[in-house]
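Structural overview
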Amino acid sequence: MRFLPGQEVEIASKEEGFLGSYYVATIVTYIENEFYLVQYKELLMEDESGPLREVVRGEDIRPTPPAKSFPTTARFAMPDRVDAFYNDGWWTGRITGKEGSSYIVHFENSGERLTFSDSELRMHLEWINGNWIATTRRRILIRPKRNMDS
């Protein structure tokens, strides 16, 4: 997929300790060989003088997930997979509980459990072969077969 200058996207972090996180950025320009120059929305340069710009591989870029998939009253439940906005990016975790109106999210990569409000969460979607795939609820209800002879 080719991304266009000005397009808002999300960049997958490949750095240790940041795996499983995505950061919102804007495509500045296509360079060549599937590399792009991007400018991050939340991440700043080391001296904090402005937004961080970085060259990234196309395989680490995905479009931003569709907003209509994230209602303002999401009503999450255990064990939904969600993305939580934390440390300037979106991190994938699972709902493991609720405290009042907030949700407890467990992050498998770090082992952390943190609390988030509805506004800091969105349903998790995977970008696979150019399509957004919902992977949020993996609940399967299996009912035992009833023996019709008894």
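Everything below is about the structure printed above this text.
Residues numbered from 1 in each chain as written. Predicted model: local features only at pLDDT ≥ 70, side-chain atom pairs only at ≥ 80, totals over all residues. Heavy atoms only, no water.

To continue, consider the overall build of the protein chain. From N to C terminus, the protein chain includes zero helices and 12 strands. Reading the protein chain from its N terminus to its C terminus gives the helix and strand order β-β-β-β-β-β-β-β-β-β-β-β. Among the 150 residues that make up the protein chain, the fraction classed as buried is 34%. Within the protein chain, contacts between residues separated by at least 24 positions form 45% of all contacts whose residues are at least 6 apart in sequence. For the protein chain, the accessible surface area stands at approximately 10,000 Å², while carbon and sulfur atoms represent 49% of it. (Helix = DSSP H or I, 4+ residues; strand = E, 2+ residues; numbered from the N terminus. Buried < 20%, exposed > 50% of the residue type's maximum accessible area, 1.4 Å probe, protein only. Contact = heavy atoms within 4.5 Å. Areas by Shrake-Rupley, 256 points an atom, 1.4 Å probe, with all protein chains shown as cover.)

The subject of this paragraph is the nonpolar core. Ile-11, Val-38, Ile-61 and Leu-121 are the most contacted members of the largest nonpolar core, which totals 22 residues. Those elements that provide at least two residues to this core are β1 (8-12), β2 (21-30), β3 (35-44), β6 (81-86), β7 (89-99), β8 (102-106) and β10 (121-123). Ile-61 has contacts with Phe-3, Val-9, Glu-10, Ile-11, Ile-27, Tyr-36 and Val-56, leaving out every residue within four places of it along the chain. (Core = buried A, V, L, I, M, F, W, Y, C linked by side-chain atoms within 4.5 Å.)

Here we come to the packing of aromatic side chains. One pass over the full model with this rule turns up nine aromatic pairs. With a centroid separation of 5.2 Å and 65° between ring planes, the pair formed by Phe-85 and Trp-90 is classed as edge-to-face. A relative accessible area of 28% means that Phe-85 is categorised as partly exposed. The rings of Phe-18, Tyr-86, Trp-91, Phe-107 and Phe-116 are connected pair by pair, giving a single aromatic cluster. (Phe/Tyr/Trp six-rings, centres within 6.5 Å; stacked < 30°, edge-to-face > 60°.)

Together, Ile-31, Phe-35 and Val-55 make up an exposed nonpolar region whose accessible area comes to about 240 Å². On the secondary structure map, Phe-35 appears in strand β3. (Patch = residues over 30% accessible without salt bridge, like charges linked within 9 Å, V, L, I, M, F, W, Y side chains within 5 Å. Salt bridge = Lys/Arg side-chain N within 4 Å of Asp/Glu carboxyl O.)

Below, the discussion takes up the pairing of β2. Successive residues of a regular strand alternate their side chains across the two faces of the sheet. Both β1 and β2 contribute to a ladder of five bridges, which runs antiparallel. Residue pairing for β2: Glu-8 is matched across the bridge by Thr-26. Alignment of β2 against β7, held across two bridges, turns out to be antiparallel. For Ser-21, the partnering residue across the bridge sits in β7 and is Trp-91. Judged from the five bridges that link them, β2 and β3 form a sheet pairing that is antiparallel. By the bridge assignment, Tyr-30 is partnered in β3 with Tyr-36. The turn linking β2 back onto β3 is made up of four residues, and Asn-33 within it adopts a positive phi angle of 50°. (Pairing = 2+ DSSP bridges.)

Taken by themselves, the reported measurements are silent on function.
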